[in-house]
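Structure assessment
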Amino acid sequence: MNQIELAKLYLANLQKRWKRDSLTAILENQDLVRTFQGAEANEIKLPVMDMDGLGDYSKSGGYPDGSVNLSWETRKLTQDRGRKFTLDSMDNFESMGVVGGNLMAEFQRTKVAPEVDAYRFAKIAQLARSGNRAYGTISSDAEAETAFDAACLAFDSAEVPKEGRILFCLPAFYKHLKNAIGANRRYTNHDKNIDRDIDYIDGVRIVETIPGRFYVGFQKTNNGFINEGARINFILVHQDAVIPVVKHNPIRIFDPSVNQNADGWIFNYRLYHDIFDRPLKDIGIYLHTIESYVTETVDTPVITVEDDKTASVKFTVATPTTGASLYYTTDGTDPTSASSAYSSKVTLTDDSIAAPATSEVTIKVIGIKDGMLSSEVASQKVTVVGSKTL
């Protein structure tokens, strides 16, 4: 089996597993997404339809004319993630196939799916309007039923269609809700197992989530992600309120003969994705958190550069958010609270090369403050002239 066939086999298997590993895959609908030739790599198009309402019918004029307009709205994807793995060539081809398949499957199950779900849940939570938010600890069956009924009532009052509603909830909430409605035990015929799972309540599909993916805030890092903000009890969402998009999801495999850095097989994985709001976003999302939901986000830091394209490039950073701490990197990686803390003007030099040679440096800064969601990452490229003495 050649590399192309091997890659196709792995990709097909991973796509099948994706529907099982990702909790939010149930929301995906690639039929609604369109890519256009000539569009930028980070762009997709979503359909937007507008039509006239009813008008008066007359005996003389008959039916009033109406119009239907279909347009395509451009959206930009922000999540471009990837990883490379190398497997030593001492493993023979057959075992490499087994190990390689297990590697990518385990990577998707334990790393990719949790990050994608955490990002999507955080984005959905942030779309919930203030009237569709509640919080508090759910510690009894009655409290779970009351909270669920309040969410359904909010949807009913806003005329959100009953078909297409999905409840994502914590295991503890699921257990309380199941007990509250007195779910009947269903017996299988072949192995006498007792199955007490429930898939729907009042027509709402139930998806039990994983606590580590269920927060209102998300921060990506260069080794996964960090949860932020309040923990979520449940999200009631209509499938027409959001749409997750996966635009690029390839696996590239290289055998040891083309590996210039090591005697091993290379597995490259890349995922280009995002999630976008749709027409029902204002009424089709209800959020219930354990802690009070923080709505404020730290303002994006501003990077000011001095003496660019010299041997001593300087930069300062600031944010309008009072009390926020700033963290930065200069190696192109996304900063976190573990990165260098900013306190005063920073000077960049490069004594590994001599002038007139230059190096390009990417400055990235994030703002973090307790009780608020972290800022977007600010980024700016500068050019540093070498200062090595010959």
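So, here's what we can say about the structure. Being a predicted model, the structure only gives us computed values, none of them experimental. (Residues numbered from 1 in each chain as written. Predicted model: local features only at pLDDT ≥ 70, side-chain atom pairs only at ≥ 80, totals over all residues. Heavy atoms only, no water.)

1. Notes on the overall build of the protein chain
From N to C terminus, the protein chain includes 4 helices and 22 strands. Taken across its 390 residues, the protein chain has 42% of its residues classed as buried. A sequence separation of at least 24 residues applies to 73% of the contacts in the protein chain between residues at least 6 apart. Carbon and sulfur atoms make up 48% of the accessible area of the protein chain, which totals about 21,500 Å². (Helix = DSSP H or I, 4+ residues; strand = E, 2+ residues; numbered from the N terminus. Buried < 20%, exposed > 50% of the residue type's maximum accessible area, 1.4 Å probe, protein only. Contact = heavy atoms within 4.5 Å. Areas by Shrake-Rupley, 256 points an atom, 1.4 Å probe, with all protein chains shown as cover.)

2. As for the packing of aromatic side chains
Inspection of the entire model under this criterion finds 11 aromatic pairs. For the ring pair Tyr57 and Tyr63, a centre distance of 4.9 Å and an interplane angle of 65° mean the geometry is edge-to-face. Each member of the pair, Tyr57 as well as Tyr63, is classed as exposed. Ring geometry for Phe121 and Phe214: centres 4.8 Å apart, planes at 80°, overall edge-to-face. (Phe/Tyr/Trp six-rings, centres within 6.5 Å; stacked < 30°, edge-to-face > 60°.)

3. Here we look at the nonpolar core
The biggest cluster of nonpolar side chains holds 51 residues, and the ones touching the most others in it are Leu167, Phe173, Ile235 and Val237. Looking at this core, the elements that each hand over two or more residues are helix 2 (93–127), helix 3 (141–157), strand 5 (165–169), helix 4 (171–180), strand 9 (204–208), strand 10 (215–221), strand 11 (224–238) and strand 15 (285–289). With 7 residues, helix 3 is the single largest residue contributor to this core. Those residues in contact with Ile235 that lie beyond four places of it in its chain are Phe121, Ile124, Ala125, Ile166, Leu167, Phe168, Phe214, Ile285, Tyr286 and Leu287. Among the nonpolar cores identified, the runner-up in size contains 15 residues, and Val317, Tyr342, Ile363 and Val365 belong to it. (Core = buried A, V, L, I, M, F, W, Y, C linked by side-chain atoms within 4.5 Å.)

4. Focus on unusual backbone geometry
In the segment running from Ala355 into Pro356, the intervening peptide bond is cis, with an omega of 10°. For Asp202, which is not glycine, the phi dihedral falls at a positive 55°. Here the phi dihedral of Asp307 falls at roughly 60°; this positive angle occurs in a residue that is not glycine. Locating Asp307 in the fold gives a position in the loop between strand 16 (302–306) and strand 17 (313–318). Asp307 sits in the partly exposed class, given a relative accessible area of 42%.

5. A look at the environment of Ile226
Tracing the backbone through its elements, the reader meets Ile226 in strand 11. Note on Ile226: relative accessible area 32%, which makes it partly exposed. Residues Ile226 and Ala118, spaced 108 residues apart in sequence, show a C-alpha to C-alpha distance of 9.0 Å. Aside from chain neighbours lying at most four places away, what touches Ile226 is Gly217, Phe218, Gln219, Thr221 and Thr336.

6. Some remarks on the side chain of Thr221
As for its position among the elements, Thr221 is in strand 10. Given a relative accessible area of 11%, Thr221 falls into the buried group. Engagement of the side chain of Thr221 in a polar contact is seen with the backbone nitrogen of Asn223, the distance being 3.1 Å. Contact partners of Thr221, with chain neighbours within four places excluded, come to Arg81, Ile226 and Thr336. (Polar contact = N/O pair within 3.5 Å; in protein donor to acceptor, adjacent residues only side chain to side chain.)

7. With respect to the sheet that holds strand 19 (residues 340–341)
Strands in a sheet are paired, the pairing made by backbone hydrogen bonds, and the direction either parallel or antiparallel. Spatial strand order, 19-18-21-22: 4 strands in an open sheet with antiparallel pairing. Strand pairing shows two members of the sheet lacking a second neighbour, strand 19 and strand 22 (378–387), which therefore form its edges. Where strand 21 (residues 354–368) and strand 22 come together, 9 bridges link them in antiparallel fashion. By the bridge assignment for strand 22, Val361 is matched with Val382. (Pairing = 2+ DSSP bridges.)

8. Considering the sheet that holds strand 16
With antiparallel pairing, the 3 strands of this open sheet are ordered in space as 16-17-20. Strands with a single pairing partner mark the edges of an open sheet, and in this sheet they are strand 16 and strand 20 (346–348). With direction set aside, neighbouring strand axes in the sheet form an average angle of 30°. Where strand 16 lies against strand 17, 5 bridges are found, and the strand directions are antiparallel. Residue pairing across strands places Val305 opposite Phe315, the latter belonging to strand 17. (Axes fitted to C-alpha atoms, helices over the stretch in contact; angles between N-to-C directions.)

9. Details of the pattern of salt bridges
According to the stated counting rule, one finds 17 salt bridges in the structure shown. In this structure, Asp80 and Arg270 form a salt bridge, with 2.7 Å as the shortest nitrogen-oxygen distance. Here Asp80 is found in strand 3 (residues 79–88), whereas its partner Arg270 is found in strand 14 (residues 264–277), with 190 residues between them in sequence. Judged by its relative accessible area of 36%, Arg270 falls in the partly exposed class. When the shortest N-O distance is used, the salt bridge between Asp156 and Arg165 registers 2.8 Å. You can call Arg165 buried: its relative accessible area is 4%. Ionic contacts of the salt-bridge type, sharing partners, join the residues Glu73, Arg75 and Asp277 into one network. (Salt bridge = Lys/Arg side-chain N within 4 Å of Asp/Glu carboxyl O.)

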